[in-house]
Amino acid sequence: MPDPTVVLKGGRVVDATGERAADVLIGADGTIAAIGADLAAPRVIDAGGCIVAPGLVDLHSHLREPGQEDAETVESGSRCAALGGYTAVVAMPNTTPAIDSAAMVHEVRSLGTTALCHVAVSGAITVGRAGEQLAPMAEMAALGVRIFTDDGTGVQDNRLMRRAMEYASGLGVRLAQHCEDSALAAGGHMHEGEWSSRLGIPGQPAEAEEVMVQRDISLARLTGASIHFQHLSTAGSVAMVRAAKAEGLDVTAEATPHHLALTHALCAGFDPVFKVNPPLRTDADVAAVVAGVLDGTIDAIATDHAPHVQEAKERPFDQAPPGMLGLETALGVAVTELAKQGDIDWVQLLALLSWQPAAIAGLTEHTGALVEGRAAHLCVIDPTEVWAVDAARSASLSRNTPWAGRRLTGRVRHTLLAGEPVVVDGEATR
Amino acid sequence: MTHLLSVDDLGGASGIEEVLRLTDSFVEVSARSIPKVPALRGKTIAWLFYEDSTRTRLSFETAAKRLSADTMNFSVGSSSVNKGESLRDTARTIEAMGVDAIVVRHGSAGAPHRVASWVDASVINAGDGWHEHPTQALLDCYTIRQQLGSLEGRHIAIVGDIKHSRVARSNVLAFSALGAEVTLVAPPTLLPPSVDTWPVKISNDLDAVLPTVDVVYLLRMQRERMTESLLPTLREYTAFWGLTVARAALLRPDALVMHPGPMNRGVEIAAEVADLPQSLIIDQVRNGVAVRMAVLYLLLGSGAELGTTAEERVRA
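Residues numbered from 1 in each chain as written. Chains lettered and ligands numbered in written order. Predicted model: local features only at pLDDT ≥ 70, side-chain atom pairs only at ≥ 80, totals over all residues.

Draft legend 1. Representation of the domain arrangement of chain B. All names here are of chain B. Annotation of chain B at the domain level lists domain 1 (7–132 + 284–315) and domain 2 (134–281). If you average the C-alpha positions of domain 1 and of domain 2, the two centres end up 26 Å apart. Taken residue by residue, the interface counts 24 residues in domain 1 and 23 residues in domain 2. Mapped by element, the contributors of at least two residues to the side of domain 1 that touches domain 2 are α1 (13–30), β4 (122–128) and α11 (281–300). In terms of residue count, the dominant contributor to the side of domain 1 that touches domain 2 is α11 (seven residues). Counted by class, the side of domain 1 that touches domain 2 contains ten nonpolar, nine polar and five charged residues. (Domains from an automatic or database assignment. Contact = placed C-beta atoms within 7 Å. Helix = DSSP H or I, 4+ residues; strand = E, 2+ residues; numbered from the N terminus. Nonpolar A, V, L, I, M, F, W, Y, C, P; charged D, E, K, R; others polar.)

Structure, rendered in structure tokens:
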């Protein structure tokens, strides 16, 4: 056993195998050295009253680098992630230029080497995310990229999407789709419905998402490929994914914290902080997404952390870019919202936030069982702390959080990345 | 009320009625040989127009001058907006010059609301995207009230491109607040989504609606709607939803015809119909000045409550 360096003392260990009261001892090699009672190490980190869990894993982060370093960098985004309990994030490829080649994968990965969490890179499905020709997925997969997406847009061309699925299935990688039919959604800046109608803001109908979910389920059936649905936001989408899973298709899905809680009524003040894609929808959609999370239709809660500079979010609603911060608040929002449905099942909640997304992203170090020898990617959560979100204190370079001023229950106290305490008592250590 | 961003800011029928009553005083002022009162002397009003406008701009300008306010024009075409200045910076810059009110027209819904959140000055919405045009609704209410005494129980049909119309949104709120029954008449592609949540009836058949209305309110049909697959042709629109001479014959003799302008004669309204005696299009423009005087006075006046006190002040 390597020399112990740190012990997480007095916590309740919760992982895929269940929960037990235990200390967690971390070795100098950054792995878990022991889990048990009365463990000791030179450095003691208090986990009293807290949950000690596998580090959270985000399937959907926009780190904005390269191209929009004024909004976020890999480093600043990773600091948000660590503060939110994340030890791994999947960086979306809609950077400038897009991550659509081996060179770009190298570039972003190298930016991630000093980050406060593991930065996994997703690749684009098509060159430049333009939806016209396949990106060199095999070349990127050879570097370890396990998930491909044109996120920000969906692949519109049915034939191209079919080919992408066939090609990807041969590589053992997963395609992830931002489901949005661009013709149906064209010009829409919020959910099309009662509020868009009243506010005179052009809307995009739920069907803009649903027709692409339906198409990709059909293509998954045709090709046998796996498909991951990003940020599902409508009741219809959740129902289709539930049916596809029942049919035995290899489909997975994520939902964002904001689609678990916020509705289009928030757009009434015309503040673009509530503009996001897919848009905030109706109460019925929120209820359906929550139900999908609770019944296993939705496999992961993913943040879609999308920083935008203040100036961009001060444009009129229809000119402002869509997107919201999410990494620092995801756990608190999930706990706060799901607690409304009954007592939190922490194993289920952490599955949604940690090991299930890790499995979808192919992150083999982020397994669900905390055992000796597993990399010490951990987070320590105070499940009862109530805190108010202060946008000014965010570690992001941007401030576009829809949760500003809200009170959330459940806060990350410590985060350890390969045994290194990168967040202690709610503060980043570097 | 600090701002007038939406008809809803007026607080329903009583607030609208107060503006209309105050408008009566300003109609009287406008009829004088020297149609000017010192009510807003020393107040400064800025026009912040991001969209072209002739009648609304001129109407507000005339209203302000008759109230003796100073005005300044922030003309977007020749301003720092062309150098990339943000709406927020522009609004705060104008306010720093010491203005009491900013009248905003913008192509984006909600832009005046955003301006109002950044400045202490009063903000008046002079039309924002598809959202609202509250002073248009007020002048329309005033014009109908002038002819019919009241809107209570009257049947008003709004015809045309409801979906993209800020005039329609404000008028639906105002007409229904004052007790009118509103029917929207348009092809389904030009109706807003979820229109079933609005306090209106819906029809696609203008011929069936016309004999039952006290007022038919026509909206401008824009040519770009053809390119968005909302309508096959303008000709077809006119044939089915235009107020042609033949169709105008279906109206009751005392029914009124209104239009916010600018008109496309021969498209949504036949030239002969626009010029009929029961067409109120010129009255609307005339009343627009008095209504805007009332709104400016309400927001920038001494702060006295509306009603007889305000009227007395104006007459003094």
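Draft legend 2. Looking closely at the pairing of strand β19 (residues 407–417) of chain A. Residue and element names in this part refer to chain A. Of all eleven residues in β19, nine are buried, a share of seventy percent or more. Pairing between strand β18 (residues 378–388) and β19: eight bridges, direction antiparallel. What sits directly across from Asp382, in β19, is Arg411. Both β19 and strand β20 (residues 420–424) contribute to a ladder of three bridges, which runs antiparallel. Each residue of the ladder has a partner; that of Leu416, found in β20, is Pro421. (Buried ≥ 20, exposed ≤ 12 C-beta atoms within 10 Å, placed from the backbone. Pairing = 2+ DSSP bridges.)

Draft legend 3. Structural detail: helix α3 (residues 87–96) of chain B. Residue and element names in this part refer to chain B. Among the residues of α3, those classed as buried are Leu87, Thr90, Ala91 and Ile94. Buried positions in α3, seen along its axis, are confined to an arc of 95° and lie on one side of it. On its buried face, α3 sits against β1 (44–49), β2 (70–75), β3 (101–106) and α4 (111–118). Positive backbone phi, approximately 95°, marks Gly98, located one or two places after α3. (Arc of directions from axis to C-beta.)

Draft legend 4. Summary view of the pairing of strand β8 (residues 215–218) of chain B. Residues and elements named next belong to chain B. Of the two faces of β8, the one carrying Val215 and Tyr217 and the one carrying Val216 and Leu218 are both buried. In this sheet, β8 lies alongside strand β5 (residues 155–159) in parallel orientation, the contact comprising four bridges. Paired with Ile158 across the two strands is Tyr217, which belongs to β8. In this sheet, strand β9 (residues 256–258) lies alongside β8 in parallel orientation, the contact comprising three bridges.

Draft legend 5. Focus on the domain arrangement of chain A. All names here are of chain A. For chain A, the domain assignment lists domain 1 (1–49) and domain 2 (55–361). For domain 1 and domain 2, the distance between their C-alpha centroids amounts to 33 Å. Taken residue by residue, the interface counts four residues in domain 1 and five residues in domain 2. Taken together, the residues of the side of domain 1 that touches domain 2 break down into two nonpolar, one polar and one charged.

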